[in-house]
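# Descriptive structure summary
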Amino acid sequence: MTSTTESTRELLLSRIRDVADYPKPGVMFKDITPLLADPVAFTALTDALAELCVRHGATKVVGLEARGFILAAPVAVRAGLGFVPVRKAGKLPGATLSQAYELEYGTAEIEIHAEDLTAEDQIMVIDDVLATGGTAEASLQLIRRAGARVAGVAVLLELGFLDGRARLESGLAGAPLEALIRV
């Protein structure tokens, strides 16, 4: 667990809204937009994630499309690090590395500009929610294929009942997985 205080966790959790039956019946969607709209909560989140980047020796931050971008970019600025987006296939110009991964209903593909990462880089992957872990797992593969090392994965919210942590275990290869909130 992180050094994030209980009061910070409570603040963050209080700004995450549950939306029943979205995007389909039976799903309880965790909406972070109220947290983003609250400058105190968003600053607390940014500070907590930036502290993790520094603690784990990151040299760059990777944000996963799309809400991971919203979190990772200010974290990178706060921590004094570069930001590298991982995008859905076909969204980045120029030469990219791509990685396909399995979804419950098919496959998807993500891409990164390999030249944005070097062998000296230690990458912290940041996303809003860890659910099944498919996108995060594919991002770890991309980072390593680009020649960089993984400093860790940090998320605002981990949905423990979907067991994404177990899926990431081998890909993390000992690097930490930090969740500010786990439900």
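All values reported here derive from a predicted model rather than from experimental measurement. (Residues numbered from 1 in each chain as written. Predicted model: local features only at pLDDT ≥ 70, side-chain atom pairs only at ≥ 80, totals over all residues. Heavy atoms only, no water.)

This brings us to the environment of Gly-68. The residue Gly-68 is located in helix 4 (residues 67–79) in this model. On the basis of relative accessibility, which here comes to 0%, the residue Gly-68 falls in the buried class. Between the C-alpha atom of Gly-68 and that of Leu-177, which follows or precedes it by 109 residues, the distance is 15 Å. Not counting residues up to four positions away in its chain, the partners in contact with Gly-68 are Gly-63, Ile-126, Asp-127 and Asp-128. (Helix = DSSP H or I, 4+ residues; strand = E, 2+ residues; numbered from the N terminus. Buried < 20%, exposed > 50% of the residue type's maximum accessible area, 1.4 Å probe, protein only. Contact = heavy atoms within 4.5 Å.)

A few words now on the nonpolar core. Within the largest apolar cluster, 29 residues are counted, with the highest numbers of intra-cluster contacts made by Leu-45, Leu-49, Cys-53, Ile-126, Leu-156 and Leu-180. Elements with a minimum of two residues in this core: helix 3 (39–55), helix 4, strand 7 (122–130), strand 8 (149–158) and strand 9 (177–182). Among the elements that take part in this core, helix 3 stands out by supplying seven residues, more than any other. One finds Ile-123, Val-125, Ala-136 and Leu-172 within the second-largest nonpolar core, a separate group that totals 27 residues. (Core = buried A, V, L, I, M, F, W, Y, C linked by side-chain atoms within 4.5 Å.)

Bringing a nonpolar patch on the surface into the picture now. On the surface, Leu-13, Phe-161, Leu-162 and Val-183 cluster together into a nonpolar patch covering about 380 Å² of accessible area. Mapped onto the elements of the fold, Phe-161 is located in the loop between strand 8 and helix 6 (164–172). Given a relative accessible area of 63%, Phe-161 falls into the exposed group. (Patch = residues over 30% accessible without salt bridge, like charges linked within 9 Å, V, L, I, M, F, W, Y side chains within 5 Å. Areas by Shrake-Rupley, 256 points an atom, 1.4 Å probe, with all protein chains shown as cover. Salt bridge = Lys/Arg side-chain N within 4 Å of Asp/Glu carboxyl O.)

Moving on: the packing of helix 1 (residues 6–14) against helix 3. The geometry of helix 1 relative to helix 3 is characterised by a closest axis approach of 10 Å and an angle of 125 degrees between their N-to-C directions. The orientation of helix 1 relative to helix 3 falls into the category oblique. Once helix 1 is placed against helix 3, the crossing between them reads as left-handed. Facing helix 1, whose interface residues are Thr-8, Leu-11 and Leu-12, helix 3 presents Val-40, Ala-41, Ala-44 and Leu-45. (Axes fitted to C-alpha atoms, helices over the stretch in contact; angles between N-to-C directions. Parallel < 35°, antiparallel > 145°, perpendicular 65-115°, else oblique. Left-handed = near helix turned anticlockwise from the far one by under 90°.)

Attention shifts here to the pairing of strand 3 (residues 60–64). In terms of burial, strand 3 is largely enclosed, as five of its five residues are buried. Burial of the side chains of strand 3 extends over both faces: Lys-60, Val-62 and Leu-64 are buried on one face and Val-61 and Gly-63 on the other. Where strand 3 meets strand 4 (residues 82–88), five bridges bridge the pair, whose relative direction is parallel. Residue Val-61 lies in a different strand from strand 4, and its bridge partner there is Phe-83. You can see the chain leave strand 3, run along helix 4 and come back into strand 4, and the turn it takes is right-handed. Pairing of strand 3 with strand 7 involves four bridges; the strand directions are parallel. (Pairing = 2+ DSSP bridges. Right-handed = clockwise from strand over helix to strand, strands pointing away.)

This part takes up unusual backbone geometry. For the bond running from Tyr-22 to Pro-23, omega is 5 degrees, close enough to zero to count as cis. For Pro-23, the position within the fold is in the loop between strand 1 (17–20) and strand 2 (28–31). At the junction of Glu-65 and Ala-66, the peptide bond is cis and its omega measures out at 0 degrees in the coordinates. Summarising the element assignment, Ala-66 is placed in the loop between strand 3 and helix 4. Positioned with a positive phi, Asp-163 is a non-glycine residue whose angle comes to about 60 degrees. For Asp-163, the position within the fold is in the loop between strand 8 and helix 6.

Moving on to helix 6. Listed as buried for helix 6 are Gly-164, Leu-168, Gly-171 and Leu-172. Each buried residue of helix 6 sits inside an arc of 90 degrees when the element is viewed along its axis, so together they form one side. More than 90 degrees from the buried face of helix 6, the exposed residues found are Glu-169 and Ser-170. Next to the buried residues of helix 6 lie strand 7, helix 5 (134–145), strand 8 and strand 9. Looking one or two places after helix 6, you find Ala-173, whose phi comes out positive at around 50 degrees. (Arc of directions from axis to C-beta.)

Just distances and angles here, no functional claims.
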